Amino acid sequence: MWTIAAKDLHSELRTKEAWNASIAFSVVILLLFAFAFDPSSDQIREFGSGLLWMTYAFAGALVLNRSFARELQNDCLDALIASPISSAALFVGKALANFAMLFAVELFSLPVFGLFYNTWPPHFAPLFLVMVLGTWALTIIGTLFSALTVNLRLRELMLPTLVYPMMIPVLIAAMTITTNVLAGNAMGFGVRFLVAFDIIFTTLAVVFVDTVLVG
Amino acid sequence: MNALEISDVWKYYGDFPALREVALNIEPGSTMALLGRNGAGKTTLLRIIAGLSRPSRGSIKIQGADAREQSTRQRIGVLGHGIALYDELSAIENLTLFGKLYGLPDPRNRADEMLERVGLSRVRDGLAREFSRGMRQRLAVGRAFLHDPEVLLLDEPFTALDDRAIAVLQSMIQSMRDRGRTIIMSTHQLREALDLASHVALLQRGQIVHTGERTQQMLDDTGWLYRTYGDN
């Protein structure tokens, strides 16, 4: 599991394919919205968290699209499936690497959001908690569907089409909590929803990934 | 115990049966050439043996265990159509990665030994994408043999290899045969296959139409097998 995660991160650090695209996308979106709407502080309180999580979701697709697709080059996926690591370990390793990459993109774009929208949470710990829970949920869904669509010819199109509807409950919960956190309120029920979502979908993904990969 | 037991294996792609009622036993230490024309089902059968795909019906036992068991995969080496190497990693990083995945005690040391063996130790830190085609092929051979597998699966192993890679592969296959390892290779290159094989199996439209020991007659007349058991 750790070997796969380290390999994916090492490969990404060397090529920076997904990282560059994802960072550039998230920064450009945040800047464009800031200049296009020049929102007031009341408006930012209303839609700021939505903008932030939409940016994370779309930037995440760029990271997640590459996750299993990079294994198609030279038939590396076959070599991984034929090796003695379990499909679950392969999946979790990839999910950990995706999580690290996506979380890094979020950490990079968070100060951009704070600077251009003049919005900083009163406490950072609750914001990081919701970012961890929400990002893991996005990652686990995205990685599973990345495995599912890896052999499809139109996978770049299919992955977002399949993944975004699944992400809706996570995004709504994460946006609600983030709105509360930015306003300095309690996080609310959404945290328990995200924890349950993470546990359920991680378990389902680990159980079914062998069927997804081998048939 | 047989090295490989294939019992009544069927594989469907939609309604099309790519493999039909395939049954085959392979003894430990034998070298089996899986022969057949393009589309006969050789690659499909090898993929099922390697655990890369599941049969629609039937079972495959490797040394008595299921092909998808982790302990079974530990004992199998696969050299398929692709080189299965990461272009953005160096030669030593590629082999060390697979050494770790196969749970070798000292993967980096073993990777160094293998690079020496396939003649790539001078470029151990070079990225795989910067290698020539022949060097990449030799690195792929090194990866397949890295964990000293007890059962080796080779899918068209000599196709598109350069002279040096063929020499490296032949010497490694010979060394495995000498140590009593089981080798199964699918190919339609009869001459190379029959030179190495102790047994042959002929696949035709997803069915095994002949299996048995490789005879001198097959060596003398490589077309004999297809003329006698195939439909030309």
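Residues numbered from 1 in each chain as written. Chains lettered and ligands numbered in written order. Predicted model: local features only at pLDDT ≥ 70, side-chain atom pairs only at ≥ 80, totals over all residues.

Asks: Whenever I open this one, the overall build of chain A confuses me. Can you help?
Replies: Helix and strand counts for chain A come out as eight helices and zero strands. Radius of gyration (C-alpha) of chain A: 18 Å, near the 17 Å computed for a compact globule of 215 residues. Summarising its shape, the C-alpha atoms of chain A cover approximately 55 × 35 × 30 Å along the three principal directions. Taking all 215 residues of chain A together, 44% fall into the buried category. Summarising the internal contacts of chain A: among those between residues at least 6 apart in sequence, 83% fall at separations of at least 24. (Helix = DSSP H or I, 4+ residues; strand = E, 2+ residues; numbered from the N terminus. Rg over C-alpha atoms; globule rule 2.2 N^0.38 Å. Buried ≥ 20, exposed ≤ 12 C-beta atoms within 10 Å, placed from the backbone. Contact = placed C-beta atoms within 7 Å.)

Asks: Any chance you could explain the sheet that holds strand 9 (residues 199-204) of chain B here in plain terms?
Replies: Strand pairing within a sheet occurs via backbone hydrogen bonds; the two strands may be parallel or antiparallel. Residues and elements named next belong to chain B. Sheet architecture is open: six strands sit in the order 6-7-8-3-9-10, paired in mixed fashion. Here the strands that pair on one side only, and so sit at the sheet edges, are strand 6 (76-79) and strand 10 (207-213). Taken pair by pair, the neighbouring strands of this sheet meet at an average axis angle of 15 degrees, ignoring direction. In terms of strand pairing, strand 9 meets strand 10 through six bridges, oriented antiparallel. Note that in strand 10 the partner of Leu202 across the bridge is His210. (Pairing = 2+ DSSP bridges. Axes fitted to C-alpha atoms, helices over the stretch in contact; angles between N-to-C directions.)

Asks: Would you explain the confidence of the model for chain B in this entry?
Replies: As a note on interpretation, predicted positions should not be read in detail where pLDDT is low. Residue and element names in this part refer to chain B. For chain B, the average pLDDT comes to 88, and 100% of its residues sit at 70 or higher. Of all helices and strands in chain B, the one with the weakest mean pLDDT is helix 9 (residues 224-229) (77), whereas helix 3 (residues 91-101) scores best (95). For this predicted complex, the interface confidence reaches an ipTM of 0.88, while the overall pTM sits at 0.89. (pLDDT = per-residue confidence, 0-100.)

Asks: For this particular structure, what's the right way to read unusual backbone geometry?
Replies: Excluding glycine, residues mostly have negative phi values, and the peptide bonds linking residues are mostly trans. All names here are of chain B. Not every positive phi belongs to a glycine, and Gln63 is a case in point at roughly 50 degrees. Relative to the assigned elements, Gln63 resides in the loop between strand 4 (57-62) and strand 5 (65-66). Located in the positive-phi region is Arg205, a residue other than glycine, with phi close to 45 degrees. Inspection of the secondary structure puts Arg205 in the loop between strand 9 and strand 10. Accessibility expressed as a C-beta count within 10 Å gives 16 for Arg205, which makes it partly exposed.

Asks: Would you take a moment to explain the sheet that holds strand 2 (residues 16-26) of chain B for this structure?
Replies: One open sheet holds the four strands; their spatial order is 2-1-4-5 (chain B), and the pairing between them is antiparallel. Two strands bound the open sheet, and with one partner strand each, they are strand 2 and strand 5 of chain B.

Asks: Hey, could you run me through the nonpolar core in this one?
Replies: Soluble globular proteins: nonpolar side chains tend toward being buried together. Residues B:Ile49 and B:Leu153 are the most contacted members of the largest nonpolar core, which totals 132 residues. Per element, the largest residue contribution to this core is 13 residues, and it comes from helix 5 (residues 87-117) of chain A. When neighbours within four sequence positions are excluded, B:Ile49 is seen to be in contact with B:Leu4, B:Ile60, B:Ala67, B:Leu153 and B:Ile184. (Core = buried A, V, L, I, M, F, W, Y, C linked by C-beta atoms within 7 Å.)

Asks: Just checking my understanding: could you explain the packing of helix 5 (residues 133-145) of chain B against helix 6 (residues 163-178) of chain B for this structure?
Replies: When two helices pack together, their arrangement is given by the angle between the helix axes and the distance between those axes. Residue and element names in this part refer to chain B. At a minimum axis separation of 9 Å, helix 5 and helix 6 run at an interaxial angle of 15 degrees. Comparing their axes, helix 6 and helix 5 come out roughly parallel. Read as a crossing pair, helix 5 and helix 6 show a hand that is right-handed. Contacts between helix 5 and helix 6 involve Gly134, Gln137, Arg138, Val141 and Phe145 from the former and Arg164, Ala165, Val168, Leu169 and Met172 from the latter. When the residues that make up the contact of helix 5 with helix 6 are grouped by side-chain class, the tally is six nonpolar, two polar and two charged. (Parallel < 35°, antiparallel > 145°, perpendicular 65-115°, else oblique. Left-handed = near helix turned anticlockwise from the far one by under 90°. Nonpolar A, V, L, I, M, F, W, Y, C, P; charged D, E, K, R; others polar.)

Asks: How should I be thinking about the environment of A:Gly50 in this particular structure?
Replies: All names here are of chain A. Tracing the chain through its elements places Gly50 in helix 3 (residues 41-69). With 16 C-beta atoms packed within 10 Å, Gly50 lands in the partly exposed category. Taking the C-alpha atoms as reference, Gly50 lies 24 Å from Glu156; in sequence the two are 106 residues apart.

Asks: I keep staring at the pairing of strand 1 (residues 4-13) of chain B and nothing clicks. Help me out?
Replies: Consecutive side chains along a regular strand alternate between the two faces of the sheet. Residue and element names in this part refer to chain B. The pairing of strand 1 with strand 2 spans seven bridges and is classified as antiparallel. The residue bridging Glu5 from the neighbouring strand is Asn25, located in strand 2. As consecutive antiparallel partners, strand 1 and strand 2 are separated by two residues, and within that stretch Gly14 has a phi angle of approximately 70 degrees, a positive value.

Asks: Sorry if this is basic, but what is going on with helix 6 (residues 124-148) of chain A here?
Replies: Side chains that are three or four residues apart share a direction in an α-helix, a result of its 3.6 residues per turn. Its 25 residues give helix 6 of chain A an end-to-end C-alpha distance of 36 Å, which sits within 8% of 36 Å, the value for a rise of 1.5 Å per residue. Of all 25 residues in helix 6 of chain A, 19 are buried, a share of seventy percent or more. (Expected span 1.5 Å × (residues − 1).)

Asks: Is there a simple way to think about the interface of chain B and chain A in this case?
Replies: How big an interface is tends to be stated in terms of accessible area lost as the parts join. Taken together, the 27 residues of chain B in the interface contact 19 residues of chain A. Secondary-structure elements contributing two or more residues to the side of chain B that touches chain A are helix 2 (70-74), strand 6 and helix 3 of chain B. Here the side of chain B that touches chain A gets four residues from one element, more than from any other, and that element is helix 3 of chain B. Taken together, the residues of the side of chain B that touches chain A sort by class into 13 nonpolar, eight polar and six charged.

Asks: Please clarify how the packing of helix 3 of chain A against helix 5 of chain A should be interpreted in this entry.
Replies: Residue and element names in this part refer to chain A. For the pair helix 3 and helix 5, interaxial distance at closest approach is 9 Å and the crossing angle is 145 degrees. Between helix 3 and helix 5 the crossing geometry is right-handed. Where helix 3 approaches helix 5, its residues Ile44, Gly48, Leu52, Thr55, Tyr56, Ala59, Gly60, Val63, Leu64 and Ser67 are matched on the opposing element by Lys94, Asn98, Met101, Leu102, Val105, Glu106, Ser109, Phe113 and Tyr117. By residue class, the composition of the contact of helix 3 with helix 5 is 11 nonpolar, six polar and two charged.

Asks: Before we go on, may I ask you to explain the pairing of strand 8 (residues 182-187) of chain B in this structure?
Replies: Residues and elements named next belong to chain B. Within strand 8, six of the six residues are buried, which leaves the element mostly enclosed by the surrounding structure. Of the two faces of strand 8, both are covered, the one formed by Thr182, Ile184 and Ser186 as well as the one formed by Ile183, Met185 and Thr187. Note: strand 3 (residues 31-35) against strand 8, five bridges, orientation parallel. Note on strand 8: the bridge partner recorded for Leu34 is Ser186. The sheet contact formed by strand 7 (residues 151-155) and strand 8 spans five bridges and is parallel. Looking at the pairing, Leu154 lines up with Met185 of strand 8.

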